[in-house]
Amino acid sequence: MILNLKAAAEAIIFASKGITLEKLAKILRITTEETEKILNELADEYNLPDHGVELKRLGDVYRFYTKAEYAQLVQSVGKSIYTKLSVSQLEIVAIIMINGPSTLQQISEIRGKDSSALVRSLHKMGVLTRKRYKNSYIYNLSQRFKELLMIEEVPGDIAEHLQTATPSPSSSEE
């Protein structure tokens, strides 16, 4: 039996880099209601000014995030090549976040211009991964990039809203 459920939940959230309520409840062997109560208590504690991080829920995932007032300090420790992405490269990242894994042709169609050089550079930088798909490749955001940005996926409501504002990609290949 776990002596301190709140401490256990905190450790699991930290180690997992984000977890759903249901999965946490299963690991702790308690109900989702009990787990939710613990998460609310943790969130309240981390909202106090003597903590530099806070517990937030993004979509279905609970995760610790740096508080906004400490973001610049933390950023100075973790400078990366990702901070130097161009507007065009960020467009491609946004397209994949919204539409999910995409072929080069789909990305180029959405942008309205050839994106092959940009996709190649993002792949070399480790922002994108690619998998062979028929005679083409499907590009996705790398796990390392997602972890660095602390994103799992675009929450459903936001993705749906953005998809209505974005032309849907064709199902054809590169």
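One can find the structure itself at the top, above this paragraph.
Report follows, based on the coordinates. As the structure is a prediction and not an experimental result, all values here were calculated from the model. (Residues numbered from 1 in each chain as written. Predicted model: local features only at pLDDT ≥ 70, side-chain atom pairs only at ≥ 80, totals over all residues. Heavy atoms only, no water.)

## A word on the overall build of the protein
Line of reasoning, step 1. Helices and strands together make up the secondary structure of the protein, namely nine helices and six strands.
Line of reasoning, step 2. Counting across all 174 residues of the protein, residues that qualify as buried make up 33%.
Line of reasoning, step 3. For the protein, contacts bridging at least 24 residues in sequence account for 51% of all contacts bridging at least 6.
Line of reasoning, step 4. When the accessible surface of the protein is summed, it comes to about 11200 Å², and 55% of that surface belongs to carbon and sulfur atoms. (Helix = DSSP H or I, 4+ residues; strand = E, 2+ residues; numbered from the N terminus. Buried < 20%, exposed > 50% of the residue type's maximum accessible area, 1.4 Å probe, protein only. Contact = heavy atoms within 4.5 Å. Areas by Shrake-Rupley, 256 points an atom, 1.4 Å probe, with all protein chains shown as cover.)

## Section: the pairing of strand β2 (residues 53–58)
Line of reasoning, step 1. In terms of strand pairing, β2 meets strand β3 (residues 61–66) through six bridges, oriented antiparallel. Following the sheet pairing, L58 is matched in β3 by V61. (Pairing = 2+ DSSP bridges.)

## A word on the sheet that holds strand β1 (residues 19–20)
Line of reasoning, step 1. Read from one edge of the open sheet, three strands run β1-β3-β2, paired in antiparallel fashion. Edge positions in the sheet fall to β1 and β2, since each of these pairs with one other strand and no more.
Line of reasoning, step 2. In the packing of helix α3 (residues 32–46) onto the sheet, the strands contacted are β2 and β3, and the crossing angle to β2 comes to about 140°. (Axes fitted to C-alpha atoms, helices over the stretch in contact; angles between N-to-C directions.)

## Overview of the nonpolar core
Line of reasoning, step 1. Formed by 17 residues in total, the largest nonpolar core has its most connected members in A9, I13, L24, L28, L39, L42 and L55.
Line of reasoning, step 2. When near neighbours in sequence (up to four residues on either side) are disregarded, I13 contacts G18, I19, L24, L39, L42, L55, Y62, R63 and F64.
Line of reasoning, step 3. Residues L85, I92, V93 and I96 belong to the second largest nonpolar core, which totals 15 residues. (Core = buried A, V, L, I, M, F, W, Y, C linked by side-chain atoms within 4.5 Å.)

Treat this as a map of the structure, not an account of what it does.
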